[in-house]
Amino acid sequence: MSYKVDRVKWRGNAAEIKSIREKVFVCEYRIPQFQEFDQNDSNCEHVVIRDDNGQAIATGRLGSDGKISRIAVLMKYRSSDAAQQVMAQLLAIAKAKGFTCVSIDSELEDVGKYRRQGFEPIGGVYMDAGIAKQTLTCPLDKFQCDDNILH
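In this text, all values refer to a predicted model and were calculated from it rather than measured experimentally.

K.L.:
Would you mind showing me how to read helix H1 (residues 10–28) here?
P.N.:
An α-helical turn contains 3.6 residues, so any two residues separated by three or four positions project in the same direction. Given a rise of 1.5 Å per residue, 19 residues ought to cover 27 Å, yet the end C-alpha atoms of H1 are separated by just 22 Å, more than 12% below that figure. Among the residues of H1, those classed as buried are Trp10, Asn13, Ala14, Ile17, Ile20, Arg21, Val24 and Phe25. In this structure, the buried residues of H1 make contact with strand E1 (4–8), helix H2 (33–36), strand E2 (45–50), strand E3 (56–62) and strand E4 (67–73). Backbone geometry just downstream of H1 places arginine 30 in the positive-phi region, at approximately 60 degrees.

K.L.:
Teacher, can you tell me more about the nonpolar core here?
P.N.:
Across soluble globular proteins, you tend to see nonpolar side chains buried next to one another. Ranked by size, the top nonpolar core spans 40 residues in total, and within it Ile57, Ile68 and Ile104 carry the most contacts. When residues of this core are traced back to their parent elements, those giving at least two are H1, E2, E3, E4, helix H3 (82–96), strand E5 (101–107), helix H4 (111–116) and strand E7 (131–139). If we ignore the near neighbours within four places in the chain, the residues touching isoleucine 57 are Tyr3, Ile20, Ile49, Asp51, Ala72, Val73, Leu74, Tyr77 and Ala82.

K.L.:
What's the story with the environment of histidine 46 in this structure? I'm lost.
P.N.:
Within the element layout of this structure, histidine 46 appears in strand E2. Placed 15 residues apart in sequence, histidine 46 and arginine 61 show a C-alpha to C-alpha distance of 4.4 Å. Dropping the residues within four chain positions of it, histidine 46 is found in contact with Asp6, Arg7, Val8, Trp10, Ile17, Arg21, Asp41, Gly60 and Arg61. Separated by 2.8 Å, the side chain of histidine 46 and the backbone oxygen of aspartate 41 make a polar contact.

Cut-off values and rules
- Residues numbered from 1 in each chain as written.
- Predicted model: local features only at pLDDT ≥ 70, side-chain atom pairs only at ≥ 80, totals over all residues.
- Heavy atoms only, no water.
- Helix = DSSP H or I, 4+ residues; strand = E, 2+ residues; numbered from the N terminus.
- Expected span 1.5 Å × (residues − 1).
- Buried < 20%, exposed > 50% of the residue type's maximum accessible area, 1.4 Å probe, protein only.
- Contact = heavy atoms within 4.5 Å.
- Core = buried A, V, L, I, M, F, W, Y, C linked by side-chain atoms within 4.5 Å.
- Polar contact = N/O pair within 3.5 Å; in protein donor to acceptor, adjacent residues only side chain to side chain.

Structure follows, in structure tokens:
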């Protein structure tokens, strides 16, 4: 299956971005909606992946500080390369914006996956919406995306 990768703005695409994130984070992960959608959305670069029918199936964002976050892939598409496409596009945006390093907040059980990609932990473990997380950072020239980086 082929996908279309779009770099989008929150202002014109909030409804489809919210739809994906609500299904993944609010319904599946039980993140309170008020925590999932923050003031940063309007200031971030967003990516939306669409299937052959034009339906939005995955999304992610890059903050002005180089932080990659809110990567969500609908359950049906998690065995595909949609997550890798989101990550690749966000990294391309980061490079185009002149970033030399990006960061991501990882659930503790996924830290090993990110370390294999070139990320290194910084700071301590913390709780976010009841989930233990670790912040990791990676120079863009060292990042390598495995097939199962996200799901």
